[in-house]
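Below are the chains, spelled out letter by letter.
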Amino acid sequence: MTRFLLCATLLTAAVSIHAAECRYTELAALDIGLDERFSATPYLDAQINGKSVHMLIDTGAYKTLLTRAEVDRQQITLTRTNEVLHGVGGQAAMFSARPKEVIIGPARVNQALFPVVEGFDFPGYGGIIGADYLLQADLEIALADKKLKFFRGTGCDDKALAYWDTNALEVPLDIPSGDSRATVPVSINGSMLTALIDTGAAVSVINQNTAERLGFNPASANAVKSGKLRGVNGKSRQAWTASFDSFAIGGEQIANPSITVLEQQSGDLASRGHQMILGRDFLRAHHVLLSPHQQRFYFTYLGGPVFAARP
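Bear in mind the structure is a predicted one, so any value in this text is a computation, not a measurement.

J.: A description of the overall build of the protein chain should follow, citing residues and the corresponding values.
T.: Looking only at helices and strands, one finds four helices and 26 strands in the protein chain. Counting across all 311 residues of the protein chain, residues that qualify as buried make up 55%. Considering only contacts within the protein chain whose residues lie at least 6 apart along the sequence, 64% involve residues at least 24 apart. Only carbon and sulfur atoms are counted for the fraction: they give 47% of the accessible area of the protein chain, which is about 13600 Å².

Right, dumping it as structure tokens:
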């Protein structure tokens with residue numbers, strides 16, 4: 001299993017949080033790119049066997065992956081596995097490969113076995129950086145500033161960690177057993193849902209079954225077909241823009257939001273423990289910090305629309 005020892009390789013700087021006994025240490029601050037060709041996809045510059053590639057920053061992926069296209073381009077030996085990857089487009093075949101060296105940010109691994117996904121072939125992209133890498137420490141996401149920061153706290157268990165805003169809101173953060181991805185509680189039309197924090201999703205979505213339980217009807221005048229969303233295997237499914245009465249996360253409330261509803265297929269969102277995805281539209285409108293150690297999600301609204309409501 002690939003293990004990036006991120007925290008062992010980084011220069012550190014202390015950030016003061018409210019009290020002397022709390023030492024919140026910045027492990028790394030990484031500049032990220034936003035690829036406007038693909039709905040402002042966030043990426044890091046990385047290297048696979050000395051070749052420069054982009055890697056998608058994807059908190060919605062539970063593992064860091066290489067792409068079949070990049071492995072084939074570099075003629076790295078590939079082995080088929082029995083695993084499959086679940087995504088918006090359904091399932092994608094999984095393989096494994098052992099490149100000589102992979103460098104992501106300040107972390108470097110040699111001769112490590114990586115999962116390889118078929119069907120994700122954006123030009124110039126060599127892989128996906130998943131939650132196993134991104135959430136091994138506290139993660140600050142500032143898409144508006146094109147920054148990722150990693151932190152580790154000592155003596156900060158009961159301290160608010162949103163150093164950029166003393167009025168930042170917070171809700172519980174959960175990383176389910178057997179997973180590496182983070183979810184938060186939200187409310188739509190007064191009903192509690194579990195939402196996945198997903199930098200890999202262009203827009204926030206609710207799955208169709210959940211939306212129908214909340215009053216959505218794909219045949220109604222309030223449901224507007226808005227194209228299709230494509231997943232990692234190149235397949236797509238229908239999406240609608242639908243109006244709801246309310247959305248809330250912690251103390252932040254939005255009246256009459258328009259949110260994308262995604263066609264339901266077997267084995268997707270609801271069966272994996274979350275009914276909604278908070279994508280890059282939500283994250284662009286907020287400055288956020290995910291703290292696995294504290295099990296808290298901190299967020300500050302920056303302005304602008306929270307939901308893009310279009311694929």
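J.: Can you break down unusual backbone geometry residue by residue, with the values?
T.: Phi at serine 39 is positive, roughly 55°, even though this residue is not glycine. Within the secondary structure, serine 39 sits in the loop between β3 (33-35) and β4 (41-48). Assessed through its relative accessible area of 43%, serine 39 is described here as partly exposed.

J.: So what about the side chain of serine 204? Which residues, and what values?
T.: Positionally, serine 204 belongs in the loop between β17 (191-197) and β18 (205-207). A relative accessible area of 1% places serine 204 in the buried class. Polar side-chain contacts of serine 204 include one of 3.0 Å to the backbone nitrogen of glycine 279. Only 2.7 Å separates the side chain of serine 204 from the side chain of aspartate 281, close enough to count as a polar contact.

J.: For the packing of aromatic side chains, give the residues involved together with the corresponding values.
T.: Across all of its chains, the model carries nine aromatic pairs by this definition. Between the aromatic rings of tyrosine 163 and tryptophan 164, the centroid separation amounts to 5.6 Å while the plane-to-plane angle is 90°, which identifies the pairing as edge-to-face. Its relative accessible area of 22% is what places tryptophan 164 among the partly exposed residues. Put simply, the rings of Tyr24, Phe151, Tyr163 and Trp164 touch in pairs and so form one group of aromatic residues. Lying over the aromatic face of phenylalanine 95, arginine 68 brings its terminal NZ or CZ to 4.8 Å of the ring centre.

J.: Pulling in residues and values, what's your account of the nonpolar core?
T.: By size, the foremost hydrophobic cluster in this structure holds 68 residues, and its most contacted members are Val184, Ile249, Met276, Leu278 and Phe297. Beyond its immediate stretch of four places on either side in the chain, methionine 276 contacts Val186, Ile188, Thr194, Ala195, Leu196, Ser204, Val205, Ile206, Phe247, Ile259 and Phe307. Judged by nonpolar contacts, the second largest core, of 11 residues, contains Phe38, Tyr43, Met94 and Val117.

J.: How would you explain the state of the cysteines if you had to name every residue and give the values?
T.: Across all of its chains, the model carries one disulfide by this definition. Between cysteine 22 and cysteine 156 runs a disulfide, and the two sulfur atoms are separated by 2.0 Å. When the S-S torsion is 100°, as for the bridge of cysteine 22 with cysteine 156, the disulfide is right-handed. With cysteine 22 in the loop between β1 (13-16) and β2 (23-31) and cysteine 156 in the loop between β14 (147-154) and β15 (169-172), the pair connects residues that are 134 residues apart, well separated along the chain. As far as the burial class goes, cysteine 22 and cysteine 156 line up, both buried.

J.: Give a detailed account of the pairing of β14, specifying residues and quantitative values.
T.: Pairing geometry for β2 and β14, over eight bridges, is antiparallel. Paired with glutamate 26 across the bridge in β14 is phenylalanine 151. Taken together, the five bridges between strand β13 (residues 138-142) and β14 define a ladder with antiparallel strand orientation. Opposite glutamate 140, over in β14, you have lysine 149 as the bridge partner. With antiparallel pairing between neighbouring strands as the criterion, β13 and β14 make up a hairpin whose turn holds four residues, including lysine 146 at a positive phi of roughly 55°.

J.: Talk me through the pattern of salt bridges; I want residue IDs and the actual numbers.
T.: Tallying each qualifying case throughout the model produces 11 salt bridges. Of the charged contacts, one joins arginine 73 and glutamate 70 as a salt bridge, the two residues approaching to 3.2 Å between their closest N and O atoms. A residue pair is termed a helical-turn pair when its members lie 3 or 4 positions apart in one helix, as arginine 73 and glutamate 70 do in helix α1 (residues 68-73) at three residues. Assessed through its relative accessible area of 47%, arginine 73 is described here as partly exposed.

J.: Explain the environment of isoleucine 141 to me, using residue names and the numbers behind them.
T.: For isoleucine 141, the position within the fold is in strand β13. Filtering out sequence-adjacent residues up to four positions away, isoleucine 141 remains in contact with Thr59, Lys147, Leu148, Thr199, His286, His287, Val288 and Leu290.

J.: I'd like to hear about the side chain of aspartate 35, residue by residue, with values.
T.: Mapping aspartate 35 onto the fold places it in strand β3. Here the side chain of aspartate 35 touches tyrosine 125 through a polar contact of 2.9 Å, side chain to side chain. Excluding anything up to four places from it in sequence, aspartate 35 contacts Ala40, Thr41, Tyr43 and Tyr125.

J.: I'd like a rundown of the environment of leucine 143, residues and numbers included.
T.: Turning to its location among the elements, leucine 143 is positioned in the loop between β13 and β14. Between the C-alpha atoms of leucine 143 and leucine 34, which are 109 residues apart in sequence, the distance is 8.4 Å. Once residues within four sequence positions are removed from consideration, leucine 143 is found in contact with Ile32, Leu34, Pro42, Arg280, Leu283 and Arg284.

What counts and how
Residues numbered from 1 in each chain as written. Predicted model: local features only at pLDDT ≥ 70, side-chain atom pairs only at ≥ 80, totals over all residues. Heavy atoms only, no water. Helix = DSSP H or I, 4+ residues; strand = E, 2+ residues; numbered from the N terminus. Buried < 20%, exposed > 50% of the residue type's maximum accessible area, 1.4 Å probe, protein only. Contact = heavy atoms within 4.5 Å. Areas by Shrake-Rupley, 256 points an atom, 1.4 Å probe, with all protein chains shown as cover. Polar contact = N/O pair within 3.5 Å; in protein donor to acceptor, adjacent residues only side chain to side chain. Phe/Tyr/Trp six-rings, centres within 6.5 Å; stacked < 30°, edge-to-face > 60°. Lys NZ or Arg CZ within 6 Å of the ring centre and 35° of its normal. Core = buried A, V, L, I, M, F, W, Y, C linked by side-chain atoms within 4.5 Å. Disulfide = S-S within 2.5 Å. Pairing = 2+ DSSP bridges. Salt bridge = Lys/Arg side-chain N within 4 Å of Asp/Glu carboxyl O.

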